[in-house]
Amino acid sequence: MIFDGFMIAGTVICALVVLIGVGSTILRSYPTDPAILSLGALELFLITYGVQAGVRQAGGQSIQGEPWEFWGYLITAFLVVLLAAWWGIGEKSRWSNLVMAASGFTVFVMLFRMQQVWLGQGWM
């Protein structure tokens, strides 16, 4: 599997979301600003990732797997982060931090799968 710059950046951002969410769960009983802002950074990354994928596809670089699968994963990842942020802002409990951390891990798995679909490598 080839890891491009977007995959590496996404992995780093997802890891930060997970670490901040788990750390906030351990240290505090309510969602912290850094935890919510890390979700904002992840959402911004997903928007950028979607734009560059659209530009690459419009420029002639085709998705080797099923295009609907790639875009479905991207839209779902976007919604997962939005729902986790909504949960974190709405419910002021220790466990909402853990939900936000879980969204970071979920998006990482989806990014990995999107990379596989783009390159046409299927499941390992």
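Because the structure is predicted, anything quoted here is derived from the model rather than measured. (Residues numbered from 1 in each chain as written. Predicted model: local features only at pLDDT ≥ 70, side-chain atom pairs only at ≥ 80, totals over all residues. Heavy atoms only, no water.)

A.B. asks: What should I look at first to understand the nonpolar core in this one?
C.D. replies: One broad trend across soluble globular proteins is that nonpolar side chains are buried collectively. Judged by nonpolar contacts, the single largest core of 24 residues is most densely connected at Leu39, Leu42, Leu46, Tyr49, Phe70, Val107 and Leu111. Elements represented by at least two residues in this core include exactly helix 1 (5-27), helix 2 (33-58), helix 3 (67-90) and helix 4 (94-119). (Core = buried A, V, L, I, M, F, W, Y, C linked by side-chain atoms within 4.5 Å. Buried < 20%, exposed > 50% of the residue type's maximum accessible area, 1.4 Å probe, protein only. Helix = DSSP H or I, 4+ residues; strand = E, 2+ residues; numbered from the N terminus.)

A.B. asks: I would appreciate a short explanation of the environment of Ile13 in the present structure.
C.D. replies: Mapped onto the elements of the fold, Ile13 is located in helix 1. For the pair Ile13 and Val107, spaced 94 residues apart in sequence, the C-alpha separation works out to 9.9 Å.

A.B. asks: Help me understand the packing of helix 2 against helix 3, please; the structure alone is not making it clear to me.
C.D. replies: Each packed pair of helices is defined by two parameters, the angle between the axes and the distance between the axes. In contact at an axis separation of 10 Å, helix 2 and helix 3 are set at 165° when each is read in the N-to-C sense. By the angle between their axes, helix 2 is roughly antiparallel relative to helix 3. Seen from above, helix 2 lies across helix 3 with left-handed handedness. Here helix 2 contributes Ile36, Leu39, Leu42, Glu43, Leu46, Ile47, Tyr49, Gly50, Ala53, Gly54 and Gln57 to the contact with helix 3, which in turn contributes Pro67, Phe70, Trp71, Leu74, Ala77, Phe78, Val81, Leu82, Ala84, Ala85, Gly88 and Ile89. Residues belonging to the contact of helix 2 with helix 3 are distributed by class as follows: 18 nonpolar, four polar and one charged. (Axes fitted to C-alpha atoms, helices over the stretch in contact; angles between N-to-C directions. Parallel < 35°, antiparallel > 145°, perpendicular 65-115°, else oblique. Left-handed = near helix turned anticlockwise from the far one by under 90°. Contact = heavy atoms within 4.5 Å. Nonpolar A, V, L, I, M, F, W, Y, C, P; charged D, E, K, R; others polar.)

A.B. asks: Would you mind going over the pattern of salt bridges with me for this structure?
C.D. replies: Pairing of side chains with opposite charge becomes possible as their charged atoms draw close. In total, this model carries two salt bridges according to the counting rule given. The salt bridge involving Asp4 is made with Arg56; its shortest N-O contact spans 3.6 Å. With a gap of 52 residues between them, Asp4 in the segment before helix 1 and Arg56 in helix 2 connect regions that are remote in the sequence. For Arg56, a relative accessible area of 24% gives the class partly exposed. Glu69 serves as the salt-bridge partner of Arg113, at 2.8 Å between the closest nitrogen and oxygen. A residue pair is termed long-range when its members are at least 10 positions apart, and Arg113 in helix 4 and Glu69 in helix 3 qualify at 44 residues. (Salt bridge = Lys/Arg side-chain N within 4 Å of Asp/Glu carboxyl O.)

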